[in-house]
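Structural overview
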Amino acid sequence: MFSLKSKEQKMTTPLGAATVRDGIVRASPWRYRGTLIEVQWKQERSAPVDQVSAIRAEFDRYVDLGLAELGVSEFPAELRTIVPECVDFLSDDADWTLAFRCPEWPDAWWTVDFKDGRIAGHNHGD
């Protein structure tokens, strides 16, 4: 019998230990205010070391820009905590995307796309 579930592989990258599944590499090279930040990119590309270093150097600014773009200050009180979770380099329309989540609502997610250091759009869902 065949399994439709792909197997996760472990590997070492310039960004540290990572896993690969379905052609996506995922590593968690740093913490931000207690949360591990995951970085993901397509397996056929090299690890985005320089880009991650530049983003990390200004991560506070990017988080603030993202939260403002999403209008988090207007979110309902039930969504008390919105935290950055992932920086991904998977989009063909943006240089990179910053994903946020809410611990009180695990199915909710928000993303903010960045291109040339500026916000290029955002999405949300649950």
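Basis of the calculations
Residues numbered from 1 in each chain as written. Predicted model: local features only at pLDDT ≥ 70, side-chain atom pairs only at ≥ 80, totals over all residues. Heavy atoms only, no water. Phe/Tyr/Trp six-rings, centres within 6.5 Å; stacked < 30°, edge-to-face > 60°. Helix = DSSP H or I, 4+ residues; strand = E, 2+ residues; numbered from the N terminus. Buried < 20%, exposed > 50% of the residue type's maximum accessible area, 1.4 Å probe, protein only. Lys NZ or Arg CZ within 6 Å of the ring centre and 35° of its normal. Expected span 1.5 Å × (residues − 1). Pairing = 2+ DSSP bridges.

So, the packing of aromatic side chains
Under the definition given, this model contains six aromatic pairs. Geometrically, the ring pair formed by Y62 and W96 is edge-to-face, given 4.9 Å between the ring centres and 85° between the ring planes. With a gap of 34 residues between them, Y62 in helix α2 (residues 59-70) and W96 in strand β6 (residues 96-102) connect regions that are remote in the sequence. A single burial state applies to Y62 and to W96, both of which are buried. Of the aromatic side chains, those joined through ring pairs into one cluster are W30, Y32 and F59. The positively charged end of R61 is found above the aromatic ring belonging to Y62, 4.7 Å away from the centroid.

Side note on α2
For α2, spanning twelve residues, the distance from its first C-alpha to its last is 16 Å, which sits close to the expected 16 Å at 1.5 Å a residue. Positive backbone phi, approximately 70°, marks G71, located one or two places after α2.

What to know about the pairing of strand β8 (residues 118-125)
As defined by bridge partners, strand β7 (residues 105-115) adjoins β8 across seven bridges and the pair is classed as antiparallel. By the bridge assignment for β8, D113 is matched with G121. The loop that links β7 with its antiparallel partner β8 comprises two residues; one of these, D116, has a positive phi angle of about 55°.

That is the geometry; function is a separate question.
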